[in-house]
Amino acid sequence: MRTGETWIADELAARRSSGLERTLIVRSGTGPRVTVGGRLLLNVSGNDYLGLAQHPHVVARAKACLDEFGACATASRLVVGTLACHEELEARLAGLKGYPAALSFGSGYAANLGLISAIVGRDDRVLIDRLAHASLVDGAVLSRARLQRFRHNDAGHLASLLARCPAGRRKLVVTESVFSMDGDCAPLRELAAAAERHGALLLVDEAHATGVFGPSGSGCIRAAGLEDRVNLSMGTLSKALGSQGGFAACSADLRSLLINQSRSFIYSTALAPAAVGAALGALDVLERDPDRGARLLARAAGVRERLNAAGLDTGASVSQIVPVIVGESERALRVAQYLREAGFLAVAIRPPTVPQGTARLRLSLSYDHTEAELAALTAAVIAAFKEAERA
Ligand SMILES: Cc1ncc(COP(=O)(O)O)c(C=O)c1O
């Protein structure tokens, strides 16, 4: 054992004994049918919501960008990393989202770090939904602003915290539009009203809404007509758009500020050309087939209905993310293992990703799952819960 590492084994053992150790699953194959440990499984844990990661047009555009610009952008955007394809992608994303401008980042995680830390600093306030993604919390930590959590989807609680913020300092309200682990939606109109009343900026993370909700998959902000009331519409290329990277749509001035002040934008190599090409290809597909997201949502509603009819708790989900709440971590692992044996790759999500006592299966549905596969999945989940009860 190397010097200074004695504590590591103890820490791992503690995690193992409480059912919280995480390990990597090695899979092969693309699309929803994957091979793990030599077995073919239906993947219901990925975020390729629209089945675009292996769509022929998406792959072809990724290859075209690779051929034209090479494997790497070779520098950060502010040095010599800005390519014509970055500008094209950002114009297309701005158009989709209904904003004057957009800026891309190396990942959605990097986007959230860079957005929050660019617009608030020491002595400012960040008010964040209690269930918001770790990248948003980390952005607030990096900013050194004071972080306060408001109760999940509770605009009244947000307003009461805003009312107590000191005058003369910037305030930033942060939420997701579709929550990653619960699949429910934020009351964006009420949150925007509270932010406006107290002179706060509003950032909405549309990682799980982009491509699925709103006209042509433009997201929940556009669906609610709130483009003029949400300052930063954040999104990721790495989920429904089947590529890799993050972005924010905003005003032209805010984009210029981000270019100047966003650390994860300035100090990181520009998005790889192949990722840019894949995202452009995904936007082409959305333009040609604008209802993919709506069709996926209709299928997800069917899955929820069947699970609820069997007495299972899918929380407040209204999206393609269908949590099935188990409670205790060990039990969630048992349910996931049973499903694995039945041919489904449904990963158990445990604390600290979700609050204590709310471990769950996170079923992540994709446009590529057939109706027959979804019916088989629902039956297997119901059987897995019965089995876990008996154990
Ligand atoms: C709500 C939310 N925001 C941001 C991210 C980060 O996006 P990316 O995977 O592109 O880094 C995720 C990813 O899990 C997410 O769920």
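Keep in mind that what you see is a predicted model, and the values were worked out from it rather than measured.

Conventions used here
- Residues numbered from 1 in each chain as written.
- Predicted model: local features only at pLDDT ≥ 70, side-chain atom pairs only at ≥ 80, totals over all residues.
- Heavy atoms only, no water.
- Helix = DSSP H or I, 4+ residues; strand = E, 2+ residues; numbered from the N terminus.
- Rg over C-alpha atoms; globule rule 2.2 N^0.38 Å.
- Areas by Shrake-Rupley, 256 points an atom, 1.4 Å probe, with all protein chains shown as cover.
- Lys, Arg positive; Asp, Glu negative; His and termini not counted.
- Charge placed at Lys NZ, Arg CZ, Asp CG, Glu CD.
- Near = heavy atom within 4 Å.
- Polar contact = N/O pair within 3.5 Å; in protein donor to acceptor, adjacent residues only side chain to side chain.
- 1 Å grid on protein atoms, 1.4 Å probe; cavity = no way out; pocket = protein on both sides within 12 Å on 5 of 7 lines; lining within 4 Å.
- Points joined across faces, edges and corners; volume = space filled by probe spheres on them.
- Nonpolar A, V, L, I, M, F, W, Y, C, P; charged D, E, K, R; others polar.
- Axes fitted to C-alpha atoms, helices over the stretch in contact; angles between N-to-C directions.
- Parallel < 35°, antiparallel > 145°, perpendicular 65-115°, else oblique.
- Contact = heavy atoms within 4.5 Å.
- Salt bridge = Lys/Arg side-chain N within 4 Å of Asp/Glu carboxyl O.
- Buried < 20%, exposed > 50% of the residue type's maximum accessible area, 1.4 Å probe, protein only.
- Core = buried A, V, L, I, M, F, W, Y, C linked by side-chain atoms within 4.5 Å.
- Domains from an automatic or database assignment.
- Buried area = accessible area lost by both parts, 1.4 Å probe.

(A) Summary view of the overall build of the protein chain. Along the protein chain, the regular secondary structure elements total 15 helices and 14 strands. For 391 residues, the compact-globule estimate of 2.2 N^0.38 gives 21 Å, and the protein chain sits close to it at 21 Å. Surface exposure of the protein chain reaches about 16700 Å², of which carbon and sulfur atoms provide 52%. Averaging the locations of the 44 positively and 39 negatively charged side chains of the protein chain gives two centres separated by 3 Å.

(B) Structural detail: the site of the ligand. Lining the immediate environment of the ligand, one finds 15 residues, of which D205, H208, T236, S238 and K239 sit closest. Measuring from an oxygen atom of the ligand, one finds a side-chain N or O atom of H133 at 3.3 Å. Contacts to the ligand include D205, whose side-chain N or O atom sits 2.6 Å from a nitrogen atom. Here the ligand has 390 Å² of accessible area as a free molecule, and 84% of this is covered by the chains.

(C) Just empty space enclosed by the protein, in detail. Tallied over the entire structure, the rule returns 1 cavity of 30 Å³ or more. Here the largest cavity defines a volume of roughly 60 Å³. What lines the largest cavity is R77, S104, F105, G106, S264, F265, S268, T269, A270 and L271. Counting only elements with at least two residues in the lining of the largest cavity, the list comes to β4 (101-105) and α11 (263-266). Here the residues of the lining of the largest cavity sort into 4 nonpolar, 5 polar and 1 charged.

(D) Summary view of the packing of helix α7 (residues 155-163) against helix α8 (residues 188-197). One way to put it is that α7 packs onto α8 with a least axis distance of 9 Å and a crossing angle of 10 degrees. Here α7 lies roughly parallel to α8, going by the angle between them. Facing A155, L158, A159 and L162 of α7, the residues of α8 in contact are E190, L191, A194, A195 and R197. In terms of residue class, the contact of α7 with α8 is built from 7 nonpolar, no polar and 2 charged.

(E) Looking closely at the pattern of salt bridges. Within this structure, the stated rule accounts for 18 salt bridges. R77 is the partner of E90 in a salt bridge, and the nearest nitrogen-oxygen pair spans 2.8 Å. Of this pair, E90 sits in helix α4 (residues 84-97) while R77 is found in helix α3 (residues 77-81), placing the two residues 13 residues apart along the sequence. A relative accessible area of 3% means that E90 is categorised as buried.

(F) Region of interest: the nonpolar core. Ranked by internal contacts, the top residues of the largest apolar core, which has 89 residues, are L89, L307, L339, L361, L363, L365 and V381. Counting residues per element, this core draws most heavily on helix α12 (residues 273-288), at 9 residues. Per-domain counts for this core show at least three residues from each of domain 1 (23-49 + 291-390) and domain 2 (56-288). Not counting residues within four places of it along the chain, the set of residues in contact with L363 comprises V44, L307, Q320, I321, V322, V324, A346, L377 and V381. Judged by nonpolar contacts, the second largest core, of 27 residues, contains L115, M234, A248 and L254.

(G) Structural context of the side chain of S366. Mapping S366 onto the fold places it in the loop between β14 (359-364) and α15 (371-390). Here S366 falls in the buried class, since its relative accessible area comes to 8%. A distance of 3.1 Å separates the side chain of S366 from the backbone oxygen of D48, its partner in a polar contact. Residues contacting S366, with those up to four places away along its chain left out, are D48, Y49, G51, L296 and R299.

(H) Here's a closer look at the domain arrangement of the protein chain. Taken domain by domain, the protein chain comprises domain 1 (23-49 + 291-390) and domain 2 (56-288). Spacing between the C-alpha centres of domain 1 and domain 2 amounts to 27 Å. With 21 residues of domain 1 at the contact, the number on the domain 2 side is 17 residues. Between domain 1 and domain 2 lies a buried interface of about 1400 Å² when both sides are counted; carbon and sulfur atoms form 63% of it. Interface area lost by domain 1 to domain 2 is led by N47, Y49 and I321, which between them contribute 26%. One can count 1 salt bridge joining domain 1 with domain 2. D182 is the salt-bridge partner of R360, the closest N and O atoms lying 3.1 Å from each other. Secondary structure elements with two or more residues in the side of domain 1 that touches domain 2: α13 (292-309), β11 (321-327) and β14.

(I) Examining the environment of A274 more closely. Along the chain, A274 falls in helix α12. What makes A274 partly exposed here is its relative accessible area of 24%. The sequence separation of A274 and Q244 amounts to 30 residues, and the corresponding C-alpha distance is 9.1 Å. Filtering out sequence-adjacent residues up to four positions away, A274 remains in contact with A62 and L66.

(J) Geometry of the environment of G98. Along the polypeptide, G98 turns up in the loop between α4 and β4. Along the chain, G98 and D228 lie 130 residues apart, while their C-alpha atoms are 9.2 Å from each other. Apart from the residues within four sequence positions on either side, G98 is in contact with R222 and E227.

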